Amino acid sequence: PLAVLMIFILFPFYWTLITSLKPESELYGKVTYWPKAITFAAYAKLFTTTINFFSAMKNSLVVALLTTIVSLSVSTLAAYAFSRYVFAGRKALMSMFLCNNMFPTVLLLIPPYAIMRKLGLLYTHTALVLSYTTFTIPFSVWLMNGFINDLPTTLEEAAMIDGCNRGQAFLKIILPILTPCLVATGVYIFMNSWNEYTFAMLFTNTATRTIPVALKNLIGQLGVQWDLLTAGGIITIIPVCILFFFAQKRLVAGLTAGAVKG
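Notes on the structure follow. Because the structure is a prediction, the values reported are computed rather than measured.

Conventions used here
- Residues numbered from 1 in each chain as written.
- Predicted model: local features only at pLDDT ≥ 70, side-chain atom pairs only at ≥ 80, totals over all residues.
- Heavy atoms only, no water.
- Helix = DSSP H or I, 4+ residues; strand = E, 2+ residues; numbered from the N terminus.
- Axes fitted to C-alpha atoms, helices over the stretch in contact; angles between N-to-C directions.
- Parallel < 35°, antiparallel > 145°, perpendicular 65-115°, else oblique.
- Left-handed = near helix turned anticlockwise from the far one by under 90°.
- Contact = heavy atoms within 4.5 Å.
- Nonpolar A, V, L, I, M, F, W, Y, C, P; charged D, E, K, R; others polar.
- Polar contact = N/O pair within 3.5 Å; in protein donor to acceptor, adjacent residues only side chain to side chain.
- Buried < 20%, exposed > 50% of the residue type's maximum accessible area, 1.4 Å probe, protein only.
- Salt bridge = Lys/Arg side-chain N within 4 Å of Asp/Glu carboxyl O.

1. Observations concerning unusual backbone geometry
In step 1: Located in the positive-phi region is Y123, a residue other than glycine, with phi close to 65°.
In step 2: Within the fold, Y123 resides in the loop between α5 (110-119) and α6 (125-149).

2. A short note on the packing of helix α4 (residues 90-100) against α6
In step 1: The geometry of α4 relative to α6 is characterised by a closest axis approach of 8 Å and an angle of 125° between their N-to-C directions. By the angle between their directions, the pair α4 and α6 is classed as oblique. The hand of the α4/α6 crossing is left-handed. Counted together, M94, F97, L98 and N100 of α4 and T134, F135, P138, V141, W142 and N145 of α6 form the full contact between these two elements.
In step 2: Here the contact of α4 with α6 is composed, by residue class, of 7 nonpolar, 3 polar and no charged.

3. Re the side chain of T236
In step 1: Within the secondary structure, T236 sits in helix α12 (residues 226-260).
In step 2: There is a polar contact of 2.6 Å between the side chain of T236 and the backbone oxygen of G232.
In step 3: Look past the residues within four positions of T236 in its chain and what remains in contact with it is F53, W194, I211 and L215.

4. Structural notes on the packing of helix α3 (residues 53-84) against helix α9 (residues 179-195)
The axes of two packed helices give the description: the angle between them and the distance between them.
In step 1: Put simply, α3 and α9 touch, their axes get as near as 8 Å, and they point 140° apart. Taken together, the axes of α3 and α9 are oblique relative to one another. The interaxial crossing formed by α3 with α9 has right-handed handedness. Along the contact surface, α3 presents M57, S60, L61, A64, L65, T67, T68, S71, L72 and T76, while α9 presents L182, T185, G186, I189, F190, S193 and W194.

5. Details of the side chain of S83
In step 1: Tracing the backbone through its elements, the reader meets S83 in helix α3.
In step 2: Residue classification places S83 among the buried residues on the basis of a relative accessible area of 14%.
In step 3: When residues no more than four places from it in sequence are discounted, the contact partners of S83 are R90, N145, I148 and N149.

6. With respect to the pattern of salt bridges
In step 1: Summed over all chains, the structure comprises 2 salt bridges.
In step 2: The salt bridge partner of R84 is E156, with a shortest N-O separation of 2.8 Å. Remark: E156 occurs in helix α7 (residues 154-161) and R84 occurs in helix α3; sequence separation between them is 72 residues. Neither residue differs from the other here; R84 and E156 are each classed as buried.
In step 3: For E156, the salt bridge is made with R166, and the minimal N-O distance between the two is 3.6 Å. Taken together, the positions of E156 in helix α7 and R166 in helix α8 (residues 166-177) put the pair 10 residues apart, joining distant regions of the chain.
In step 4: One salt-bridge network, in which partners are shared between bridges, spans R84, E156 and R166.

Remember that the coordinates give geometry; whether it matters functionally is a separate question.
Written out as structure tokens, the structure is:
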């Protein structure tokens, strides 16, 4: 059963890969499960066409990294505050954070668009970063709050007895322990920012478009450029696969320690 399940999961990736390696003559007509002649022409063509795929990759990387840094910084401090301090409206705010993820992004396009236009941020990386953090911070706070709740307060108390203040206790004691959860949360934020399409379509132009928007331009009214589309898809998932390869142990530890127990 596991083998059947793995085949079911991996077959779309396999099909995307072999389609990107097929010559144009094999893309249409008879279905073949392995190219007769392997060619990398689609990959070479992808970076020389008018969609400027290399620029789109750079834009996606910049936006994803900035969103990850901003969201992790804010959500870590917020989660620590919600976990360690008792204040009025604490539960209501946490409930609001959770409700934020109940609505699809398409319902919330107009307000951010109006705000970005008024601030003069349309068609910039800043517009995408601010839009993405609106959705990644709430879930990140919930994820990290569950992990911090599992940490005993005696850790900070012992540090403060030894001469640390609250900030030093957090930086020197709590933050290093949070590493698995930070990795798990960072991967979640990066993946959401890397793959997001709706806001990227609305808030970018030719110079600032990201990978999902660039790939969408390969689908035209008269047909689909399957070779370029599949080649772009393979290149798009490579950074995510590399990220998972190096962070998989910490990712599992962070998710199980925070999301499940919390």
